[in-house]
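What the coordinates show
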Amino acid sequence: TSMTCAPVSWSVTVVTGLEKGAFYIQLGAYADLSALESAAARVMDLGTVLAERIAGKDGKTTWRLVLGPLGRDESGVALLRAKSLGFRDAFLKKGT
């Protein structure tokens, strides 16, 4: 699966899909781009931050904020670091 990328801002790259088999940390879902950018800025030091457009409630655009792609070995550490930065609901996600 090829990933199409387009910049949303200085800190976030938009993708149309996640790399199959790669691991990602899902940090949250945001309808507001300024909230998305603020959240992304908090984890920039952990690696590549991506936003995937998903269908939101009432047809509104929502963005899934993820960190990755990551290798299996580094994903556990990245998840713990993301949680320590305040992303308490963050979880590991595998690209499909």
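Source: prediction; values computed, not measured. (Residues numbered from 1 in each chain as written. Predicted model: local features only at pLDDT ≥ 70, side-chain atom pairs only at ≥ 80, totals over all residues. Heavy atoms only, no water.)

This brings us to unusual backbone geometry. In terms of backbone geometry, most residues other than glycine have negative phi values and most peptide bonds are trans. Here the bond from G68 into P69 is cis, since omega is 5°, no more than 30 degrees from zero. Position of P69 among the secondary structure elements: in strand β5 (residues 61-70). (Helix = DSSP H or I, 4+ residues; strand = E, 2+ residues; numbered from the N terminus.)

Turning our eyes to something else, we now look at the pattern of salt bridges. One pass over the structure, following the stated rule, counts one salt bridge. In this structure, R64 and E52 form a salt bridge, with 2.9 Å as the shortest nitrogen-oxygen distance. Taken together, the residues R64 in strand β5 and E52 in strand β4 (residues 49-55) connect sequence positions twelve residues apart. The exposure class of R64 is buried, given its relative accessible area of 18%. (Salt bridge = Lys/Arg side-chain N within 4 Å of Asp/Glu carboxyl O. Buried < 20%, exposed > 50% of the residue type's maximum accessible area, 1.4 Å probe, protein only.)

This brings us to the side chain of E52. On the basis of relative accessible area, E52 is assigned to the buried category, the value being 12%. The contact partners of E52, leaving out residues within four places of it in the chain, are V15, T16, G17, L18, T62, W63 and R64. (Contact = heavy atoms within 4.5 Å.)

Turning our attention to the nonpolar core. Residues I25, L27, L36, L65, L67, F87 and A90 are the most contacted members of the largest nonpolar core, which totals 21 residues. Among the secondary structure elements, those contributing two or more residues to this core are β3 (23-30), α1 (33-43), β4, β5 and α2 (72-84). Residues within four places of F87 in sequence aside, it is in contact with L27, Y30, A39, R42, V43 and A82. V15, L18, A22 and V66 belong to the second largest nonpolar core, which has six residues in total. (Core = buried A, V, L, I, M, F, W, Y, C linked by side-chain atoms within 4.5 Å.)

This part takes up the packing of aromatic side chains. The full count for this structure, using the stated rule, is zero aromatic pairs. Just above the ring of F87 sits the side chain of R42; from NZ or CZ to the centre is 4.2 Å. (Phe/Tyr/Trp six-rings, centres within 6.5 Å; stacked < 30°, edge-to-face > 60°. Lys NZ or Arg CZ within 6 Å of the ring centre and 35° of its normal.)

Its 13 residues place the ends of α2 19 Å apart at the C-alpha level, agreeing with the 18 Å of an ideal helix rising 1.5 Å per residue. Within α2 the residues assigned to the buried category are S75, A78, L79 and A82. Relative to the axis of α2, the buried residues are bounded by an arc of 105° and lie together on one face. For α2, exposure combined with an orientation more than 90 degrees from the buried face picks out D73, V77, L80 and S84. With its phi angle positive at about 105°, G86 sits one or two positions after the end of α2. (Expected span 1.5 Å × (residues − 1). Arc of directions from axis to C-beta.)

Counting through the fold element by element, L27 comes out in strand β3. Once the C-alpha coordinates of L27 and D89 are considered, the two residues, 62 residues apart in sequence, prove to be 7.1 Å apart. Look past the residues within four positions of L27 in its chain and what remains in contact with it is V43, L65, V66, L67, A82, F87 and A90.

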